[in-house]
Amino acid sequence: MTLSNRTFGVELEVILNGKTRAGVAQEVRRATGINIREERYGHTVPNTWKIVTDGSIGHQNGEVVSPVLSGEEGLEQARKITEALKAAGCTVNPACGFHVHVGAGDLDLNQLRKLAVNFVHAETAMDCIMPVSRRADKNTYVQSNRSGFGGETENQKINNAIKAYERAQTKAALITHVSSNGSAGGASRYRKLNFQALNRQPSVEFRQHQGTVESEKVVNWVRLCVAFVDRSMVSRPRPRTALNAKHVETAELGQLLTWLRLEPEACKFFRARRKEFSQRAVERAAQQQREAAARAEAERLAAWEADAPARAIREAEAAAQAAREEEARHTAVAQAAAEAERVAREQREARAVEQTRYFAERRAAAEAALAAALSGRT
């Protein structure tokens, strides 16, 4: 499906790796024939491509900002600029972001409300095609649009966000509700879908994508963001009914892609992207388990080493105790043997005394009988 003529703009945060912003601008200009120049940081919409400072990634690096673009021609410009940045040696790191502004000046209050509602419905699907560092509320500069509205399940949070949006009777009130994420006084432009951009220019900002110098990622994300606004204008979003149902990434993404009516190649790209991040999550969990096991083993060995002196003392004491017990056993055996010998000796002595008495008595009896016999003869 050809990209609609809805306007958009891109902001690419990149690491310059020692090059100057003016130097990178010159390289890109030569490679693409597209006018791009270094400028000071600001929120004004440029009439040409520019590269400016961005404090979130270090002032030695840069943010490449487009003019207002539209259609396939604008998308082709974004592709060429991205490829030229990569060729110039620009890279990204986890701090870098890629933001897409989509024109929303033609949306009335009700259509903006639909856009906000559709986004809280789609946040699970959006999360699953992003790195873990840019999901939920894990990134200071990319906060959830629904997590703060209360509720134990994602569907409850979605419905509570919808109720809050429905209370808004003006664009200003809706911008506040979307920007606050259910927190009084917590309005911020650092939402995945930034409505505060409407206060400066007629656009909403999709902030969730990580930084990139890959043109395929840029082109497909712009297509998704533009289609999201287009489809929201004519949609009829409703609250979720199964309040306790858990979100399944594949189902949520499938519903989003079907609703957006993206071309097959773009759908294939985002499904592959979800699968890639899912596999990374599995590998990361396995790696974390291995690291945890390694830490536990290292701690065990460290504890073993730290305990060596005390263990040596305990082992010496145990050996001494064993020696004492062995000596005690030997002493007990010797004492038992001596006692047995004493008893045996006493028994022998008693038998000897008994035998002496016995024979003495026998002798005395014999002598008496002899004496009696002799006295009878006389």
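Criteria and cut-off values
- Residues numbered from 1 in each chain as written.
- Predicted model: local features only at pLDDT ≥ 70, side-chain atom pairs only at ≥ 80, totals over all residues.
- Heavy atoms only, no water.
- Helix = DSSP H or I, 4+ residues; strand = E, 2+ residues; numbered from the N terminus.
- Rg over C-alpha atoms; globule rule 2.2 N^0.38 Å.
- Buried < 20%, exposed > 50% of the residue type's maximum accessible area, 1.4 Å probe, protein only.
- Contact = heavy atoms within 4.5 Å.
- Areas by Shrake-Rupley, 256 points an atom, 1.4 Å probe, with all protein chains shown as cover.
- Pairing = 2+ DSSP bridges.

Brief notes about the overall build of the protein chain
Consideration 1: When helices and strands are tallied, the protein chain shows 9 helices and 8 strands.
Consideration 2: For 378 residues, the compact-globule estimate of 2.2 N^0.38 gives 21 Å, and the protein chain exceeds it by more than 25% at 46 Å.
Consideration 3: A principal-axis box enclosing the C-alpha atoms of the protein chain has dimensions of 170 × 55 × 40 Å.
Consideration 4: Counting the 378 residues in the protein chain, one finds 41% classified as buried.
Consideration 5: Taking all contacts inside the protein chain whose residues are at least 6 apart in sequence as the whole, residues at least 24 apart take part in 70%.
Consideration 6: Only carbon and sulfur atoms are counted for the fraction: they give 54% of the accessible area of the protein chain, which is about 20,400 Å².

Side note on the pairing of strand β8 (residues 203–206)
Consideration 1: Burial along β8 is two-sided: the face carrying S203 and E205 and the face carrying V204 and F206 are both buried.
Consideration 2: Both strand β6 (residues 98–103) and β8 contribute to a ladder of 4 bridges, which runs antiparallel. In the sheet register, V102 faces β8, and the bridge partner there is V204.
Consideration 3: One ladder, built from 2 bridges, connects strand β7 (residues 193–194) with β8; its direction is antiparallel.

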